Amino acid sequence: PRAHHCVTYQRPCWGNDTPAMAWETTLKPSGNILPSDRPFVNDCRHSFRWLGHGVASPESVPHPPGKIQSSMVAQLILNADDFGSSPDVNAAVARARRDGLLTSASLMVTGEHVAEAVDIARADRSLAVGLHLTLSNGRSLLPATEIPLLVDGAGRFADSPARAAWRYCFDARTLRQLRCEIEAQFRAFAQTGLTLSHVDGHQHLHLHPAVLPIALEQAARYHAAGIRVPRESLWRGLKIDRSGVFR
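None of these values were measured; they are calculated from a predicted model.

Calculation criteria
Residues numbered from 1 in each chain as written. Predicted model: local features only at pLDDT ≥ 70, side-chain atom pairs only at ≥ 80, totals over all residues. Heavy atoms only, no water. Helix = DSSP H or I, 4+ residues; strand = E, 2+ residues; numbered from the N terminus. Buried < 20%, exposed > 50% of the residue type's maximum accessible area, 1.4 Å probe, protein only. Contact = heavy atoms within 4.5 Å. Areas by Shrake-Rupley, 256 points an atom, 1.4 Å probe, with all protein chains shown as cover. Salt bridge = Lys/Arg side-chain N within 4 Å of Asp/Glu carboxyl O. Phe/Tyr/Trp six-rings, centres within 6.5 Å; stacked < 30°, edge-to-face > 60°. pLDDT = per-residue confidence, 0-100. Axes fitted to C-alpha atoms, helices over the stretch in contact; angles between N-to-C directions. Parallel < 35°, antiparallel > 145°, perpendicular 65-115°, else oblique. Nonpolar A, V, L, I, M, F, W, Y, C, P; charged D, E, K, R; others polar. Polar contact = N/O pair within 3.5 Å; in protein donor to acceptor, adjacent residues only side chain to side chain. Arc of directions from axis to C-beta. Pairing = 2+ DSSP bridges. Right-handed = clockwise from strand over helix to strand, strands pointing away.

(A) Molecular detail of the overall build of the chain. When you go through the chain residue by residue, the secondary structure sums to seven helices and seven strands. Along the chain, helices (α) and strands (β) appear in the sequence β-β-α-β-α-β-α-β-α-α-β-α-β-α when read from the amino end. Across the 247 residues of the chain, 45% fall into the buried class. Pairs at least 24 residues apart make up 70% of the contacts formed inside the chain by residues separated by at least 6 positions. In the structure as shown, the chain presents an accessible area of about 12,800 Å², 56% of it carried by carbon and sulfur atoms.

Below you can see the structure in the form of structure tokens.
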């Protein structure tokens, strides 16, 4: 099973028009919700609180990591990525909402079964839905003829996040095509009519130096309440699965 994610958000202190940032902690896929090798307080001490959709207040100014006040209570958010990628994922999201503790999902607008996922989300308005920005290990939204420097002839990005990340460096033409694809994915989400709860990225590529400024700009434009900032151990992740890292 995949690792669960503990994600909490807080709007940063540099203005109400800037999306909230989020620190994320990966919980090991054991039988327990919390990891057994260290206390929950240590795992989430760098986390910020969730303030809701577009809510900001004077008391929301974040404290530096490691200096969380004792009165700050973190809210656990259980999020499902890849929403819309397959019927199985969609069914799992619906079941986890009905029978489990799922609080949010990240929509892959380039997924082959995104229409079904949108129907599920529309039927459950209390489900917070964000954009799962896809720039690797998936297909693009724009046709391959418009972004040939990003995808192959079939319109697929590189499967390896490392290869995709390297491709997005240095070349100005590639960066222009990257912006077009990112903007298209944000537009596609807006066209669903769903409220944009948050933004994250497939294989965390939304944090790529060439991607993040565009993602922040678009997140603010579409009034996203938060952006995922992972806090994961590289070595722990490689112990779980190192296949495909450089392929």
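Now that the structure is up, let's keep going.
(B) Just the pattern of salt bridges, in detail. All told, the structure shown has nine salt bridges when counted by the stated rule. Here Arg95 and Asp99 are joined by a salt bridge, their closest N and O atoms 3.8 Å apart. Within this pair, Arg95 and its partner Asp99 are both found in helix α2 (residues 87-99), separated by four residues, close to a single helical turn. For the residue pair Arg95 and Asp99, the accessibility class agrees, reading exposed in each case. Measuring nitrogen to oxygen at the nearest pair gives 3.6 Å for the salt bridge that ties Arg173 to Asp171. Relative accessible area serves as the criterion here: at 27%, Asp171 is assigned to the partly exposed category. What emerges from the salt-bridge pattern is a single network uniting Asp81, Asp200 and Arg228.

(C) Molecular detail of the packing of aromatic side chains. The full count for this structure, using the stated rule, is two aromatic pairs. Summarising the aromatic geometry, the rings of Trp166 and Phe170 are spaced 5.4 Å apart at their centres and angled 75° between planes, so their arrangement reads as edge-to-face. Taking the relative accessible area as the measure of exposure, Trp166 reaches 62% and is therefore exposed. The exposed category is assigned to Phe170, whose relative accessible area is 70%.

(D) Structural view of the confidence of the model for the chain. Averaged over all residues, the pLDDT of the chain equals 75, while 64% of them reach at least 70. Model confidence for the chain, summarised as mean pLDDT per element, is weakest for helix α1 (residues 40-43) at 28 and strongest for helix α3 (residues 114-123) at 98.

(E) A look at the packing of α2 against α3. Relative orientation of the contacting elements α2 and α3 amounts to 10°, with a least axis distance of 9 Å. Relative to α3, α2 is oriented roughly parallel. Here α2 contributes Pro87, Asn90 and Ala94 to the contact with α3, which in turn contributes Glu116, Ala117 and Ile120. Each residue belonging to the contact of α2 with α3 can be placed in one class, and the counts come to four nonpolar, one polar and one charged.

(F) Summary view of the side chain of Thr174. By secondary structure assignment, the location of Thr174 is in helix α5 (residues 172-191). Filtering out sequence-adjacent residues up to four positions away, Thr174 remains in contact with Leu149, Leu150, Arg167 and Tyr168.

(G) Molecular detail of the environment of Arg167. Along the polypeptide, Arg167 turns up in helix α4 (residues 161-167). For Arg167, a relative accessible area of 34% puts it in the partly exposed group. Contacts of Arg167, omitting those with residues within four sequence positions, involve Leu149, Leu150, Val151, Ala158 and Thr174. From its side chain, Arg167 meets the backbone oxygen of Leu150 in a polar contact 3.0 Å long.

(H) Geometry of helix α6 (residues 212-221). Residues of α6 that are buried: Ile214, Ala215, Gln218 and Ala219. Viewed along the axis of α6, the buried residues span an arc of 130°, placing them on a single side of the element. Next to the buried residues of α6 lie β5 (128-133), α5, β6 (196-201) and β7 (226-231).

(I) Region of the structure containing the pairing of strand β3 (residues 79-83). Most of β3 is tucked away, with five of its five residues classed as buried. Of the pairings in the sheet, the one linking β3 to strand β4 (residues 104-107) comprises three bridges and is parallel in character. If you follow Ala80 over to β4, its bridge partner there is Ala105. With α2 bridging β3 and the parallel β4, this β-α-β connection has right-handed handedness.

(J) Focus on unusual backbone geometry. Phi is positive for Asp82, which is not a glycine, with a value near 65°. Its location among the elements puts Asp82 in strand β3. Phi angles above zero are rare outside glycine, and His223 is one such case at about 65°. You can call His223 exposed: its relative accessible area is 64%.

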